[in-house]
Amino acid sequence: MKQLFFIFLVFISFHISAQIGIGLPYNRENNSEFTLDYQNPKEYEIADIQVDGAYFLDKNAIISLSGLSVGKRIKIPSEQISNAIKSLWKQGLLGNVSIVINKVEYDLVYLSIKITERPRLTKIIYEGISKSQIKEVEEKVKIIKGRILTEPILKNITVSIKAFFQEKGFYNTEVRLIQVIDTLLPNSVKLRAIIKKNNKIRVDNIFITGNTAFSDPKLKSKLKETGQKFRFTLVKDILSRFFNSFKPSEIKTFIDSTEKVTFKDAQNYFGEHVRLNIFKASKFQQDKYTEDKKKLIEFLNSKGYRDSEIIKDTIVINKKTVDIYLDLFIGNRYYFRNITWTGNYLYETKILQDVFNINKGDIYNLELVNKKLNYNPEGNDISSLYMDNGYLFFHINPVEILIENDSVDVEMRLYEGPQATIDKVYVTGNDRTRDHVVMREIRTLPGQKFSRADIIRTQRELSQLGYFDPEKITPTPIPKPSSETVDIEWKVVERPSDQLELSGGWGGSFGFIGTLGVTFNNFSLRNVPYFRNWNPLPVGDGQKLSIRFQANGIQFQSYSLSFTEPWFGGKKPHSFGMSFNYSAQNILSSNTSIIGGLGVIGASVNIGRRVKWPDDYFVLTNSFGYSRYILNNYMYIGQSLGFSTGTSNSITFNSTFSRNSVDNPLFPRSGSQLSLSVTLTPPYSLFQGDITKAEASIKYRFNEYHKWQFDSWNYLRVVQNLILVSRIHFGFIGRYTDKSPETPFERFTLGGDGLAGGGQFIIARDVIGLRGYKNNSITPSDIVNNINGGTIFNKFVFELRYPISLNPSATIYALTFLEAGNNFNVIRNYNPFNLYRSTGVGVRIFMPAFGLLGIDYGYGFDKLPGELKVSGSQFHFSIGTQIR
């Protein structure tokens, strides 16, 4: 034992001597070389401390961190020197530390702390990945240049890089860090991060044990982001024969009964029609897998298995795939038994139970309970019953009071609280739009009782303005229980609302070809004289100013100007608007000189107001308009108006009754739009007799007609953001009596993209789109009066829409459609079931600066009038929102 103790003492002594760094300094006390006596340590006073090797670090800070100081007495050798070295090591700033005795004079000792600083990081060079990935990795790593490169930092860099690629499914990513001396700076290094992503890790198999309630495929289907993706590929030339041989139910039965289908299994079942495996592995991501596990348990809970849990889950990572093992405890299925209500004084139990609509014997489902209590998107809920009546402080707590066998008794404990009165309402985030423009749309006003329904409605009204991002309009109630009041803060995020329409070129002798238009959707007329309020034009009062010019050289030109004030007078939502327009369509000779044409000059004034019946989504708008048609040798093919030279006048009164309850103006998910309008001219035939046989100058001097139009849009959420849009459009134009002539203007033309400026640049016509057919191709003729254009049309549309991006700077959604419509010249020929049909796909892109841009590919199934074959494939391009 003594021998072992001696060996240990020698080892310790050697270690301390290495740390102290004996340099055999001279000892003036006895004129001899200084030596250490480990058996008899001697006390010295520190006379001086030097620091060697410090370039970036402060020398005084190094001495302070060591715990040593001049004048301090220490024993040599002892643990005091060793502790000083340990203290410096703990900082993680140094690569090497030693303390050396420079000299000893009597009882004075002179020390030197020799250090080697860790290098500083100047740059990380990523290798093995793309430039775009380098940028993403740099955002993930976030290393500050100039930091001391320690082992923890190196480890964090490696972990961060691997975590980044694990999120993308690369679980076998390898990272190698190499330090390279930076010759430009002292004691600095660059770090080469060599990354090898290897293959993505995908889910190969999911094994479930303990499942006693459902089929394994059913539970796997709830792991939507983790489960195996369905893929079924067939040999192309026998596709039809395959589906004739096997019913869809047989295919589903086979898939549901098989956990994993191999190529051989599929061949044995279906024959040689199968080319690839039915299931394709999905990418494995840990965060999505965690969410999927929660959704799996939520599904089991919703089916009455309230005790279900995942006892254990194991992830086995292979080279390219992972296998997932889930061990479940399903437990018993539970049912509601007794449901009681306590604390309710405002509403009787029967009323609450009717709204709750969960009864004894129903499957126990807490998810459904919370929906019926707090927020039910499909109908009423208990919270809305109270909160729409001002009871903001209301809350309800469902408590399980007894669980017996497979039955659960639940007590609904309510606290109704006092009614809350709105105290203050304010808006934040409206940098361009003035407060009064926002506040006049808000229905949660000071002094009123709090109502959740009013908050939801206000959110919808603000989104309809078009000035704010609909996805970021956030109401924040701030309850003040002591005063039984609530403040409401409306947080909005401005988005660009002005639109620029610009396209064009130069057509030689024709001149400018294209469109130039600008729409200011948040204009301020009163600030026009005050240039300090221009940004770049006066904005903020919610008015709309639109200026547009369109031309096809000298063949077609159109100018329009419109202005709308949505709150005329500033006190009520009564709109006032006016518009002016001029269009000219010229007929050119072979040398491009004008030999005839049609010009239309028009102006209108309209007044609108919101009405409260049948509900307050309705708006009634009345307008007076005047149009003057000037014909000069007008003989345009396909656009006969019954006469070629002369003038015609239209004085019209229009009344439009419309309703709009959509939740979002750019990508509606719910709600509807309805519009019924009638346009009337004075009944001149009552005063001037029968003029149907008169000359054109008398016959068409004043247009006489009544025009009816109906448009309907309905938005239905199929699942999540997949939206079904159904549309119906109808129009009819007729005469008051047989004594009045048929009007040659404002008739219907059908087909194409529905833009009046498209194709032949038709004016004096109501242009209706029908994708899959050429522009204006479905336009019947009145042979007797030599007038082109329909007097009655109908159109039906079904669209499935799905958003690609809901970003307010670029809202994009894809669509597929079924469309059918027809146009008739007289009402006796009208047949609503005689339709031209089409189908196709398209995309819509909304950018605030340019409005709505559309591209559609349509296929028309029917033959056009006078054609020998079906319409077939057509591409359509559109700008702006189509009315029909």
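Our subject is the structure listed above.
Residues numbered from 1 in each chain as written. Predicted model: local features only at pLDDT ≥ 70, side-chain atom pairs only at ≥ 80, totals over all residues. Heavy atoms only, no water.

> Outline the pattern of salt bridges, listing residues and values.
Tallying each qualifying case throughout the model produces 37 salt bridges. Close ionic contact of K350 with D354 constitutes a salt bridge, the shortest N to O distance being 3.1 Å. Of the two residues, K350 and D354 are both situated in helix α11 (residues 349–356); the distance of four residues between them amounts to about one turn of the helix. For K350, a relative accessible area of 59% corresponds to the exposed category. A salt bridge links E799 to R771, with the nearest nitrogen and oxygen atoms 2.8 Å apart. Remark: R771 occurs in the loop between β33 (765–768) and β34 (781–782) and E799 occurs in strand β36 (residues 792–807); sequence separation between them is 28 residues. The buried category is assigned to E799, whose relative accessible area is 2%. In the salt-bridge network here, residues are joined through shared partners; they are R727, R771, E799, R801, E819, R844 and D856. (Salt bridge = Lys/Arg side-chain N within 4 Å of Asp/Glu carboxyl O. Helix = DSSP H or I, 4+ residues; strand = E, 2+ residues; numbered from the N terminus. Buried < 20%, exposed > 50% of the residue type's maximum accessible area, 1.4 Å probe, protein only.)

> An account of the environment of N776 is requested, with residue identities and associated values reported.
Mapped onto the elements of the fold, N776 is located in the loop between β33 and β34. Take N776: its relative accessible area is 12%, and that puts it in the buried class. Remark: the alpha-carbon pair of N776 and L750, spanning 26 residues in sequence, is separated by 5.1 Å.

> Could you give an account of empty space enclosed by the protein, naming the residues involved and the relevant values?
For the coordinates displayed, the defined rule picks out three cavities of 30 Å³ or more. Roughly 60 Å³ of internal volume is contained in the largest cavity. Lining of the largest cavity is provided by D469, P470, E471, R495, N664, L666, F667, L806, P808 and T811. The residue makeup of the lining of the largest cavity, split by class, is five nonpolar, two polar and three charged. (1 Å grid on protein atoms, 1.4 Å probe; cavity = no way out; pocket = protein on both sides within 12 Å on 5 of 7 lines; lining within 4 Å. Points joined across faces, edges and corners; volume = space filled by probe spheres on them. Nonpolar A, V, L, I, M, F, W, Y, C, P; charged D, E, K, R; others polar.)

> Please give an account of the packing of helix α4 (residues 131–141) against helix α5 (residues 151–167) that cites residues and values.
Following both chains from N to C, one finds α4 and α5 inclined at 125°, their axes separated by 9 Å at the closest point. The orientation of α4 relative to α5 falls into the category oblique. Judged by the sense of rotation from one axis to the other, the crossing of α4 with α5 is right-handed. Contact with α4, carried on its side by Q133, E136, V137, K140 and V141, involves I157, S160, I161, A163, F164, F165 and E167 of α5 and no other residues of that element. When its residues are assigned to classes, the contact of α4 with α5 shows seven nonpolar, two polar and three charged. (Axes fitted to C-alpha atoms, helices over the stretch in contact; angles between N-to-C directions. Parallel < 35°, antiparallel > 145°, perpendicular 65-115°, else oblique. Left-handed = near helix turned anticlockwise from the far one by under 90°. Contact = heavy atoms within 4.5 Å.)

> Provide a residue-level description of the packing of helix α2 (residues 59–66) against helix α3 (residues 79–90), including the pertinent values.
Their axes nearest at 8 Å, the elements α2 and α3 cross at an angle of 120°. Taken together, the axes of α2 and α3 lie oblique to each other. Taking contact as the criterion, the partners of I62, L65 and S66 in α2 are, on α3, A84, S87 and L88. The residue inventory of the contact of α2 with α3, partitioned by class, reads four nonpolar, two polar and no charged.

> Please set out the packing of aromatic side chains residue by residue, giving values where relevant.
Enumeration according to the criterion identifies 27 aromatic pairs in this entry. Seen in terms of ring centroids, F549 and Y559 are 4.9 Å apart; in terms of plane orientation they differ by 25°. Their pairing is stacked. Linking F549 in strand β23 (residues 543–552) with Y559 in strand β24 (residues 556–565), this pair joins segments that are 10 residues apart in sequence. On the basis of an interplanar angle of 75° and a centroid distance of 5.8 Å, the ring pair of Y773 and Y836 is categorised as edge-to-face. Here Y773 is found in the loop between β33 and β34, whereas its partner Y836 is found in strand β38 (residues 836–847), with 63 residues between them in sequence. With respect to class, Y773 is no different from Y836; both count as buried. By way of ring pairs, the aromatic residues Y347, Y386, Y391 and F394 are connected into one cluster. A cation over an aromatic ring shows up here: R457 above the ring of Y617, its NZ or CZ 3.7 Å from the ring centre. It is R771 that lies over the ring of F817; its NZ or CZ is 3.9 Å from the centre. (Phe/Tyr/Trp six-rings, centres within 6.5 Å; stacked < 30°, edge-to-face > 60°. Lys NZ or Arg CZ within 6 Å of the ring centre and 35° of its normal.)

> Account for the side chain of N521, with residues named and values stated.
With respect to the helices, strands and loops of the structure, N521 is situated in strand β22 (residues 512–523). Filtering out sequence-adjacent residues up to four positions away, N521 remains in contact with Y467, S497, D498, Q499, G542, Q543 and K544.

> So what's going on with the sheet that holds strand β17 (residues 407–415)? Residues and values would help.
Note: strands within a sheet are paired through backbone hydrogen bonds, in either parallel or antiparallel orientation. Sheet architecture is open: three strands sit in the order β15-β17-β16, paired in mixed fashion. Edge positions in the sheet fall to β15 (335–342) and β16 (395–404), since each of these pairs with one other strand and no more. Ignoring which end each strand starts from, the neighbouring axes of this sheet average 25° apart. Both β16 and β17 contribute to a ladder of nine bridges, which runs antiparallel. Each bridged residue has a counterpart across the sheet, and for L402 the counterpart in β17 is D409. (Pairing = 2+ DSSP bridges.)

> Any chance you could break down a nonpolar patch on the surface for me, citing the residues and the numbers?
Taken together, the side chains of V841, I855, Y857, Y859, F861, V870, F875 and F877 present a nonpolar region at the surface, about 730 Å² in accessible area. Of all elements in the fold, only β39 (851–863) and β40 (870–879) reach the threshold of two or more residues within the nonpolar patch. Counting through the fold element by element, I855 comes out in strand β39. The exposure class assigned to I855 is partly exposed, which follows from its relative accessible area of 37%. (Patch = residues over 30% accessible without salt bridge, like charges linked within 9 Å, V, L, I, M, F, W, Y side chains within 5 Å. Areas by Shrake-Rupley, 256 points an atom, 1.4 Å probe, with all protein chains shown as cover.)

> Account for the sheet that holds strand β8 (residues 174–181), with residues named and values stated.
Across the sheet, three strands lie side by side as β7-β9-β8; this open sheet has mixed pairing. Two strands close off the open sheet at either side, each with one partner strand: β7 (120–127) and β8. Sheet twist, expressed as the average angle between the axes of neighbouring strands with direction ignored, equals 25°. Pairing of β7 with strand β9 (residues 188–196), which is carried by seven bridges, proceeds in the parallel orientation. Bridge pairing in β9 links Y126 to A193.

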